[in-house]
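# Fold and contact review
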Amino acid sequence: MIIYYNTFIGDELINKISDIEFRQIVDSILSDKEGWPQYGYKFIHDIKNPQLKIYIRGAYETEKKLCKGLPGLSCTRFKKNGDPIDIIINYNNWIGGSKSELSIEKYHKYVINHEVGHWLGIGHTKCPIEECKKRGYTSCPASIMQQMSKGPNHISPCVESYKPLPYDWIIDDPTKSPYLFSKTNRFKTKSGLTQNKAKSELAQNKAKSELTQNKAKSELTQNKAKSELAQNKAKSELAQNKAKSELKQNKNIDLKQNKNNNLKQNKNNNLKQNKTKNGLAQNKNNDLKQKNKIFIILTIVIILILIVIIIVIKNRIHNFISIQLLK
Ligand SMILES: [Zn+2]
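Residues numbered from 1 in each chain as written. Predicted model: local features only at pLDDT ≥ 70, side-chain atom pairs only at ≥ 80, totals over all residues.

## What about the overall build of the protein?
The condition is simple: Working definition: helices are DSSP H or I runs of at least four residues, strands are E runs of at least two. Numbering for both runs from the N terminus. Distance between backbone-placed C-beta atoms decides contact: two residues are in contact if it is within 7 Å.
The number of helices and strands found in the protein is seven helices and five strands. Each helix (α) and strand (β) of the protein, taken in turn from the N terminus, gives the series β-α-β-β-α-β-β-α-α-α-α-α. Expressed as a percentage of contacts within the protein between residues at least 6 apart in sequence, the contacts between residues at least 24 apart total 64%.

Set out below in structure tokens:
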């Protein structure tokens, strides 16, 4: 459904806010695909004959004159028969004076989406805590039709949000919401065409998104597998290199040991040989010494025998001479 709209600033704000800037901000909020367009609405800026008129007015004008009985708030005004008149945005809230803790950009989105929600026919809602539980949400986003301008405590246990809940949350749907104003259901999207188109686009986008996600997941898995393969290869090479290195080391150790053993043996052999040589030499010396001893003893014995013989012979000669003389 197409809704033609225009923005206006109050005379009291002419030197405080730019007409163009306000319109640009509202334009961007109303054309956001995650905003009301997800429910099949298309907002077109129209200066001449707008259905939806969005004003920004000073706090005094808003609270004392235009939105009577609603201090500190913006409002959507209705005729007695329930037809919407216009939307009045409170300038004080627009520049950050509300109790909301949303950033100023998000508060702008909240307040425009909230008041346009009223204009489309939805009243204030409660926190969709049961739906959040079903969906497994630990932090439950507030419905756009809760009053964020009254501060976080007012919307508890929900947390502040700034755009309508997604299409499949019934609570913010202007055609199905249990909080619809009784007579303002005229702004529901054309039953059938627009909604089906929107649904179809949503489904397509979802399918595309899932496809992209699956592709990304698949690539991720492949990359992971590749990475693991590379890692395993690297590990295997590392293990092989380590094994080779150990083998070399063992070989070197064996070689060294063999060398050492050989050296030791050679040393021992040399020692033994030397020992043997020394032994032989000693034996030789001992033999020589013994021979010398025997020789000396024999010589002495021979000399003694010779002396005895000489003595005997001398005696015999003497006896002979004596006998001869005696004779
Ligand atoms: Zn409201």
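Right, picking up where we left off after that structure.
## Here we look at helix α4 (residues 104-120)
Here is the rule: By definition here, a helix of n residues has an expected span of 1.5 Å times n minus one. Three exposure classes are used, all based on how many other C-beta atoms lie within 10 Å of a residue's own C-beta (placed from the backbone): buried at 20 or more, exposed at 12 or fewer, and partly exposed between those limits.
Look at α4: 24 Å from first C-alpha to last across 17 residues, which is about the 24 Å you get at 1.5 Å a residue. In terms of burial, α4 is a largely internal element, 14 of the 17 residues being buried. Downstream of α4 by a residue or two, G121 has a phi angle that is positive, lying close to 115°.

## Regarding helix α2 (residues 59-66)
The condition that has to hold: Directions drawn from the helix axis to the C-beta atoms are what define this arc.
Among all positions in α2, only T62, E63 and L66 are buried. The buried residues of α2 occupy one face: seen down the axis, they fall within an arc of 130°. In α2, the exposed positions angled more than 90 degrees off the buried face are occupied by K64 and K65. Buried-residue contacts for α2 involve β3 (52-57) and β5 (84-90).

## Points about the environment of E61
Take E61: it is sitting in helix α2. Exposure remark for E61: the 18 C-beta atoms within 10 Å place this residue in the partly exposed category. Look past the residues within four positions of E61 in its chain and what remains in contact with it is G10, E12 and L66.

## Some thoughts on the sheet that holds strand β2 (residues 42-45)
Filter applied, for reference: By definition, two strands form a pair when at least two bridges between them are found by DSSP. Throughout, an axis means a line fitted to C-alpha atoms (over the contacting stretch in the case of helices), and angles, computed between N-to-C directions, take values from 0 to 180 degrees.
Sheet architecture is open: five strands sit in the order β2-β1-β3-β5-β4, paired in mixed fashion. Looking along the sheet, the strands with just one partner apiece sit at the ends: β2 and β4 (75-78). The sheet shows a mean angle of 30° between the axes of neighbouring strands, taken without regard to direction. Bridge count between β3 and β5: four bridges; the pairing is parallel. The residue bridging R57 from the neighbouring strand is N90, located in β5.

## Observations concerning unusual backbone geometry
With an omega dihedral of 5°, the bond running from S156 to P157 counts as a cis peptide bond. Its place among the elements puts P157 in the loop between α6 (152-155) and α7 (193-326).

## A word on the pairing of β4
The pairing of β4 with β5 spans four bridges and is classified as antiparallel. Residue pairing for β5: R77 is matched across the bridge by D86. Here β4 folds back onto β5 in antiparallel fashion, the turn holding five residues, of which G82 has a positive phi close to 95°.

## A few points about the nonpolar core
A general feature of soluble globular proteins is that nonpolar side chains tend to end up buried together. Going by this rule: To define a nonpolar core, we join buried Ala, Val, Leu, Ile, Met, Phe, Trp, Tyr and Cys residues through C-beta atoms within 7 Å and take the resulting set.
Judged by nonpolar contacts, the single largest core of 40 residues is most densely connected at V26, I54, Y55, I56, I87, I88 and I89. Those elements that place two or more of their residues in this core are β1 (2-9), α1 (19-30), β3, β5, α3 (91-97) and α4. For this core, the element with the highest residue contribution is α4, accounting for seven residues. Every residue in contact with I89, bar those within four places of it in the chain, is listed here: I54, Y55, I56, S74, W94, V111 and E115.

## Examining the environment of T62
Assignment of secondary structure puts T62 in helix α2. A C-alpha to C-alpha distance of 8.3 Å links T62 and C75, two positions 13 residues apart in sequence. Not counting residues within four places of it along the chain, the set of residues in contact with T62 comprises R57, C67, S74, I88 and N90.

## Digging into the pairing of β2
The cut-off we apply is this: Place the viewer so that the strands point away; then a crossover is right-handed whenever the path from the first strand over the helix to the second strand goes clockwise.
Taken together, the four bridges between β1 and β2 define a ladder with parallel strand orientation. Paired with Y5 across the two strands is H45, which belongs to β2. With α1 bridging β1 and the parallel β2, this β-α-β connection has right-handed handedness.

## Brief notes about the confidence of the model for the protein
Threshold: By definition, pLDDT measures how confident the predictor is in each residue, and it falls between 0 and 100.
Here the protein averages 81 in pLDDT, while 76% of its residues score no lower than 70. Per-element confidence in the protein ranges from a low mean pLDDT of 67 for α7 to a high of 98 for β3. The low-confidence segment residues 190-194 (pLDDT under 50) makes four contacts with residues lying over four places distant or belonging to another chain. Confidence drops under a pLDDT of 50 for residues 320-327, and excluding neighbours within four residues, the segment shows zero contacts in the predicted structure.

## Notes on the packing of α1 against α4
The following threshold applies: Each angle is binned into one of four classes, with values under 35 degrees roughly parallel, values over 145 roughly antiparallel, values of 65 to 115 roughly perpendicular, and all other values oblique.
Contact pair α1 / α4: the axes reach a minimum separation of 10 Å and the direction vectors enclose 70°. On the basis of their axis angle, the class for α1 and α4 is roughly perpendicular. Contacts between α1 and α4 involve I25, V26 and I29 from the first element and H108, K109, I112 and N113 from the second.

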